Amino acid sequence: MLGFLRRTWGAVRRPSVHYSLGFLTMGGFVMGVVFWGGFNTALELTNTETFCTGCHEMRDNVFVELQPTIHYSNRSGVRATCPDCHVPHEWTNKIARKMQASKEVWGKIFGTINTREKFLEKRLELAQHEWARLEANDSLECRNCHSAESMDITRQSTRAAEAHERFLFTGEKTCISCHKGIAHQLPDLGQASLMAAPEAVAELSGYLDQ
Amino acid sequence: MKRQTALIAAILAAAIGGAALAQQSVATLRGGTPLADNADPMVIPKVVNTDLRQVRNYPEQPPLIPHKIDGYQIDLNANKCLTCHSREAIEISQAPMVSITHFMSRDNQFLASVTPRRYFCNQCHVAQTEARPLVENGFVDIDSVLEYVKNQQGGSD
């Protein structure tokens with residue numbers, strides 16, 4: 001093993017005997033283009049709705065729920081696809097999210113949510129991950145399309161305008177704080193408060209047992 | 001015998017013809033569209049979205065919803081209305097709180113949250129559209145009735 005490593009290192013260090021410098025630089029450049037292009041193309045391929053809905057977990061659960069909402073069908077025909085909201089658009093963050101998504105490949109292989117029942121059971125946890133992500137990045141994916149600067153609140157209903165003035169423009173809340181469950185159905189929120197504060201639940205049940 | 005049969009046949013024919021005629025003149029919501037065809041659907045009217053509370057037509061009328069409720073989820077998992085109208089949320093939302101009667105169970109016990117029998121908001125509360133009523137409505141509220149009676153009695157109460 002050590003011998004193999006040493007021989008490889010030696011081959012890398014030594015100048016080329018057979019190939020010209022021009023061939024090596026040009027070859028390196030061309031292969032760089034091919035590999036980098038291939039990598040990005042493959043990455044973009046996993047960033048499409050067709051790819052996401054290629055599995056029944058997404059197609060039969062969340063994608064079906066998206067279809068009647070305003071983010072899928074609306075008066076102007078502009079619509080959001082899965083990665084528009086669920087994958088950051090900027091490169092570094094996108095790669096970070098893609099690496100996180102390897103856990104989802106694991107889930108796919110081992111069938112973590114391969115039935116409707118399993119999905120419903122896990123739905124609250126999955127939703128909370130997404131909510132936490134959007135809270136943490138100040139609803140970045142929402143703001144890729146909905147910018148607060150371009151929002152003309154005079155064209156909104158009074159109620160919406162007041163809410164945006166009080167909470168959005170002051171930075172007190174971010175989009176996802178209020179707009180949960182607009183593109184998919186909400187999970188069982190009755191469990192959510194219990195899951196959020198397990199120690200409070202323990203305390204309360206201790207009190208009730210007395 | 002033959003004459004009798006002919007007579008019955010004639011009466012039957014007249015009855016069927018008459019029924020057909022009567023059917024044509026009956027006013028229905030279908031309009032004049034033949035049964036086998038589909039009528040042109042009416043344009044979907046706009047939902048009233050003024051956020052202004054509307055007066056109740058009678059004391060126990062469930063208050064109307066003065067805003068759009070498209071896609072509001074009300075099911076076992078979540079109740080979208082209560083994210084603004086619940087007891088805890090109204091300080092943030094400044095929306096009218098769900099009536100305290102909605103906390104009372106069918107055994108007259110007040111519960112900590114909205115009772116299951118009052119949970120499905122739009123069983124009673126509805127948004128309004130700008131549609132013209134299909135049938136004229138002659139409803140008069142109690143104040144108008146009292147006013148009318150007062151006038152009939154010549155202004156003395």
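Everything numeric in this text was worked out from a predicted model, so none of it was measured.

A. Representation of the overall build of chain A in the model. Within chain A, the secondary structure is distributed over 13 helices and zero strands. Ordering the α and β elements of chain A from the N terminus gives α-α-α-α-α-α-α-α-α-α-α-α-α. Taken against the 2.2 N^0.38 rule, which gives 17 Å for 210 residues, the C-alpha radius of gyration of chain A at 25 Å runs more than 25% over that of a compact globule. Over its C-alpha atoms, taken along the principal directions, chain A stretches across nearly 80 × 55 × 35 Å. The buried share of chain A, taken over its 210 residues, is 7%. Considering only contacts within chain A whose residues lie at least 6 apart along the sequence, 59% involve residues at least 24 apart.

B. Summary view of the overall build of chain B. Regarding its fold elements, chain B presents four helices and zero strands. Tracing chain B from N to C terminus, the helices and strands come up as α-α-α-α. The proportion of buried residues among the 157 residues of chain B is 6%. Long-range pairs, those at least 24 residues apart, make up 43% of the contacts in chain B between residues at least 6 apart in sequence.

C. Seen up close, unusual backbone geometry. At aspartate 138 of chain A, a position not held by glycine, the phi torsion is positive, near 55°. Structurally, aspartate 138 of chain A can be placed in the loop between α8 (116-136) and α9 (140-143). With a phi close to 55°, glutamine 94 of chain B is a non-glycine residue in the positive phi region. Secondary-structure assignment places glutamine 94 of chain B in the loop between α3 (90-93) and α4 (142-152). Note on glutamine 94 of chain B: 12 C-beta atoms within 10 Å, which makes it exposed.

D. Just the interface of chain A and chain B, in detail. Counting from both sides, the interface comprises ten residues of chain A and, opposite them, eight residues of chain B. Partitioning the side of chain A that touches chain B into residue classes produces three nonpolar, five polar and two charged.

E. Just the environment of glutamate 162 of chain A, in detail. On the secondary structure map, glutamate 162 of chain A appears in helix α10 (residues 158-168). Judged by C-beta crowding, with 15 C-beta atoms within 10 Å, glutamate 162 of chain A ranks as partly exposed.

F. Up close: α4 of chain B. Burial analysis of α4 of chain B places just zero of its eleven residues in the buried class, a small minority of the element. With its phi angle positive at about 75°, glycine 154 of chain B sits one or two positions after the end of α4 of chain B.

G. The arrangement of the confidence of the model for chain B in detail. Residues and elements named next belong to chain B. Considering every residue of chain B, the mean pLDDT works out to 83; 81% of them sit at 70 or more. No element of chain B has a lower mean pLDDT than helix α1 (residues 2-25), which averages 60, and none a higher one than helix α2 (residues 82-85), which averages 92. Both scores are available for the predicted complex, with the pTM at 0.75 and the ipTM at 0.73.

H. Quick look at helix α7 (residues 102-109) of chain A. Summarising burial for α7 of chain A: zero of the eight residues are buried, a small minority. At the exit of α7 of chain A stands glycine 111 of chain A, carrying a positive phi of roughly 65°.

I. Focus on the confidence of the model for chain A. Looking at chain A, the pLDDT average stands at 89 and 95% of residues meet or exceed 70. Considering each helix and strand of chain A separately, the mean pLDDT is smallest for helix α12 (residues 189-196) of chain A, with a value of 62, and largest for helix α2 (residues 21-45) of chain A, with 94.

Calculation criteria
Residues numbered from 1 in each chain as written. Chains lettered and ligands numbered in written order. Predicted model: local features only at pLDDT ≥ 70, side-chain atom pairs only at ≥ 80, totals over all residues. Helix = DSSP H or I, 4+ residues; strand = E, 2+ residues; numbered from the N terminus. Rg over C-alpha atoms; globule rule 2.2 N^0.38 Å. Buried ≥ 20, exposed ≤ 12 C-beta atoms within 10 Å, placed from the backbone. Contact = placed C-beta atoms within 7 Å. Nonpolar A, V, L, I, M, F, W, Y, C, P; charged D, E, K, R; others polar. pLDDT = per-residue confidence, 0-100.

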